[in-house]
Amino acid sequence: MPEYEFVDLYVPRGVPRQETTRMLTDHAEYGHWELDRLTLLRDGSRRVRLRRRIIRQVRATW
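Predicted, not measured: the structure shown is a model, and the values here were computed from it. (Residues numbered from 1 in each chain as written. Predicted model: local features only at pLDDT ≥ 70, side-chain atom pairs only at ≥ 80, totals over all residues. Heavy atoms only, no water.)

Caption draft 1: How the structure looks around the pattern of salt bridges. All chains considered together, the criterion is met by 5 salt bridges. Two residues, E3 and R56, come together in a salt bridge whose shortest N-O distance is 3.1 Å. Of the two residues, E3 is situated in the segment before β1 (4-11) and R56 in the segment after β3 (46-53); the sequence distance between them amounts to 53 residues. When its relative accessible area of 43% is taken as the criterion, E3 is described as partly exposed. A salt bridge links E34 to R51, with the nearest nitrogen and oxygen atoms 2.6 Å apart. Note that E34 is positioned in strand β2 (residues 34-40) and R51 in strand β3, a separation of 17 residues in sequence. Judged by relative accessible area, E34 falls into the partly exposed class, the value being 37%. For R51, a relative accessible area of 24% translates into the label partly exposed. Via salt bridges that share partners, E34, D36 and R51 belong to a single interconnected network. (Salt bridge = Lys/Arg side-chain N within 4 Å of Asp/Glu carboxyl O. Helix = DSSP H or I, 4+ residues; strand = E, 2+ residues; numbered from the N terminus. Buried < 20%, exposed > 50% of the residue type's maximum accessible area, 1.4 Å probe, protein only.)

Caption draft 2: Representation of the side chain of S45. Looking at where S45 falls in the secondary structure, it is placed in the loop between β2 and β3. Judged by relative accessible area, which is 1%, S45 ranks as buried. At 3.3 Å, the side chain of S45 forms a polar contact with the side chain of Y10. Here D43 takes part through its side chain, which lies 2.6 Å from a polar atom of the side chain of S45. (Polar contact = N/O pair within 3.5 Å; in protein donor to acceptor, adjacent residues only side chain to side chain.)

Caption draft 3: Expanded view of the side chain of R46. Following the sequence through the fold, R46 ends up in strand β3. It is E19 that comes nearest to the buried, bridge-free R46 among opposite-charge side chains, at 9.3 Å. Engagement of the side chain of R46 in a polar contact is seen with the backbone oxygen of V15, the distance being 3.5 Å. Among residues more than four places away in sequence, those in contact with R46 are L9, Y10, V11, V15, R17, T20, T39 and L40. (Lys, Arg positive; Asp, Glu negative; His and termini not counted. Contact = heavy atoms within 4.5 Å.)

Caption draft 4: Quick peek at the environment of D36. Within the secondary structure layout, D36 lies in strand β2. Judged by relative accessible area, which is 30%, D36 ranks as partly exposed. Each C-alpha atom, one on D36 and one on F6, is 8.6 Å from the other, the two residues being 30 residues apart in sequence. Those residues in contact with D36, other than ones at most four positions away along the chain, are F6, R49, L50 and R51.

What follows is the structure, encoded as structure tokens:
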């Protein structure tokens, strides 16, 4: 079972969709994050949860 780390972002309602898309694309491209959940709140703001897989190094035995 893969392990993930998560980060939660809050995008206020005044931020345009195009700017939000650019921000999430930057996180995905440079930080290797992927979208886990996006919640649109009643006031127009967005709550975004991103995740990325934790890669554990296996120690080599000689």
